Amino acid sequence: MKKKIALITGVTGQDGSYLSELLLSKNYVVYGLCRRVSYFNRNRIEHLRGNKRFKLVYGDLSDYTSLESIIKLSRPDEIYNLGAQSHVGHSFEIPEYTSEVTGLGSLRILEAMRFLGLKKTKFYQASTSELFGEKQKGINSFNEKSLMVPKSPYGVSKLYSYWITKVYREAYGLFACNGILFNHESPRRGETFVTRKITMFLAKKILGSKDILYLGNLNAKRDWGHAKDYTELQWKILQQSRADDYVIATGKTTSVRDFINECCKYLKIKIIWQGKGVNEKAYILNGKKKDLIIKVDKKYYRPLEIDYLRGNPQKALKKLNYKLKYNLKDLVKDMLDSDIKRFKKSM
Ligand code: NAP
Ligand code: GDD
């Protein structure tokens, strides 16, 4: 039987690496689009390089010609568009670049599919809970029908990609889907996202570090799931008989402060919080002594913040017939164990 072929943009990222592993385990041939950078950015996929079905190709979401030639070369059955400037905070500093890559990147792929006449190729767009924006009156959790009011250049760029995916589905009959994913984390999470900042810091702390962690808004609430569950759902979305859009979430929401409390509980660290707003601080209790470990730094505040995100994954879990394997406790354990192991090795 002919092996299925997949093309993944963002293959060097958190989701790209887990999805590659999953597809290779299902006997796919996987083409991964890497962009040219001046540093080594392949740590997350290094272990896959020996696999003959795993092929890396250079390209860039801002460069139509490269996308067209990679699609022509690979003739994929499935395209997963995971590539993006994916940092919400930084999108305020580089709004134009974010729009170019995170917004127009999807259009370039869809246009190449149309131009090359790839009517049977399925397309997955990495949409996001950032589309929903701020908490809306009377709404406790967001689903596929909720109002979308993004609050950042990143969110606005993703809204463009979300809609252009729907438009190409309706206008040209392409099998094009949106996975509207809420935050998902893992030991491979980028080091500037808040959960990974926290787990790396606490892992170093229990190994003796004297550093202090500086964070922004501790009150923000996010619906945090595990990237392994969510990449499996990305694949499942493209295995359906009809193209559709799905919210992927856990249905629970936790503040940044409580994520830290959960980590400390797992590590059996006693933590207390004092002060409010920019003056809030966290201390570790060591007998009668208290050691300062966390301070707020305004530089991590965003010009606009989304305080509350909670998804309703009912449709996805039912239609895709899936039960999430990880809860928040499992996620915290997985991330902390992995960071502690890593830092122990380097000591
Ligand atoms: P990530 O770890 O930040 O990975 C982003 C990937 O995009 C990296 O491989 C990066 O390459 C690549 N990329 C950046 N600019 C590019 C360009 N100009 N051309 C081609 N590739 C480029 O993101 P992630 O957490 O895996 O998320 C995957 C996707 O899901 C992203 O689109 C993100 O916006 C979206 N999403 C994520 C979450 C979440 O909570 N993780 C939730 C909803 C949606 P380098 O390695 O070279 O930087
Ligand atoms: N990054 C970061 N760094 N965030 C902080 C910090 C800090 O020091 N302190 C507090 N936060 C708050 C942010 O203000 C935000 O409210 C929350 O922690 C989560 O921030 P991130 O981990 O950066 O994730 P995000 O929610 O902004 O964006 C991620 O999830 C989106 C899905 O909702 C990214 O992965 C996006 O690509 C994704 O679309």
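Parameters at a glance
Residues numbered from 1 in each chain as written. Chains lettered and ligands numbered in written order. Predicted model: local features only at pLDDT ≥ 70, side-chain atom pairs only at ≥ 80, totals over all residues. Heavy atoms only, no water. Near = heavy atom within 4 Å. Polar contact = N/O pair within 3.5 Å; in protein donor to acceptor, adjacent residues only side chain to side chain. Areas by Shrake-Rupley, 256 points an atom, 1.4 Å probe, with all protein chains shown as cover. Helix = DSSP H or I, 4+ residues; strand = E, 2+ residues; numbered from the N terminus. Nonpolar A, V, L, I, M, F, W, Y, C, P; charged D, E, K, R; others polar. Contact = heavy atoms within 4.5 Å. Axes fitted to C-alpha atoms, helices over the stretch in contact; angles between N-to-C directions. Parallel < 35°, antiparallel > 145°, perpendicular 65-115°, else oblique. Left-handed = near helix turned anticlockwise from the far one by under 90°. Pairing = 2+ DSSP bridges.

**Quick notes on the site of ligand 1**
The environment of ligand 1 is made up of 26 residues, and the closest members are Thr 12, Arg 35, Asn 41, Ser 86 and Tyr 154. Between an oxygen atom of ligand 1 and a main-chain N or O atom of Leu 82, the distance comes to 2.9 Å. Here an oxygen atom of ligand 1 sits 2.6 Å away from a polar atom, N or O, in the side chain of Ser 86. The fraction of the free accessible surface of ligand 1 (900 Å²) that becomes covered by protein chains is 91%. Where the shell around ligand 1 is concerned, the elements lending two or more residues are helix H1 (14–25), helix H4 (95–115), strand S5 (122–128) and helix H5 (153–172).

**Topic: the site of ligand 2**
Surrounding ligand 2, one finds 24 residues, the nearest of these being Ser 86, Ser 129, Tyr 154, Arg 302 and Glu 305. Here an oxygen atom of ligand 2 sits 2.7 Å away from a polar atom, N or O, in the side chain of Thr 128. With respect to ligand 2, the side chain of Ser 129 contributes an N or O atom lying 2.5 Å from an oxygen atom. Surface burial for ligand 2 is 95%, taken as the share of its 720 Å² of free accessible area covered by protein chains. Elements with a contribution of two residues or more to the shell around ligand 2: helix H6 (194–206) and strand S8 (213–215). Classifying every residue of the shell around ligand 2 by side-chain character gives ten nonpolar, eight polar and six charged.

**Brief notes about the side chain of Gln 14**
Inspection of the secondary structure assignment puts Gln 14 in helix H1. Dropping the residues within four chain positions of it, Gln 14 is found in contact with Arg 44, His 184, Glu 185, Ser 186, Arg 188, Arg 189 and Ala 227.

**Notes on the packing of H1 against helix H7 (residues 227–238)**
The geometry of H1 relative to H7 is characterised by a closest axis approach of 9 Å and an angle of 60 degrees between their N-to-C directions. With respect to H7, the element H1 is oriented oblique. As H1 runs across H7, the sense of the crossing is right-handed. Each of Gln 14, Asp 15, Tyr 18, Leu 19, Leu 22 and Leu 23 in H1 lies in contact with H7, whose residues at this interface are Ala 227, Lys 228, Thr 231, Glu 232, Gln 234 and Trp 235.

**Looking at the sheet that holds strand S14 (residues 281–286)**
Taken together, the four strands give an open sheet; going across it, the order is S8-S15-S14-S13, and neighbouring strands pair in mixed fashion. At either end of the open sheet lies a strand with only one pairing partner, and these are S8 and strand S13 (271–274). Across the sheet, the mean angle separating the axes of adjacent strands is 30 degrees when strand polarity is ignored. Pairing analysis gives three bridges linking S8 to strand S15 (residues 289–296), with the strands arranged parallel. The residue of S15 that forms the bridge with Tyr 214 is Lys 295. The sheet strands contacting H6 are S8, S14 and S15, and the helix crosses S8 at an angle near 165 degrees. Along the sheet face, helix H8 (residues 256–267) touches S8, S13 and S15 and points at about 155 degrees away from the line of S13.

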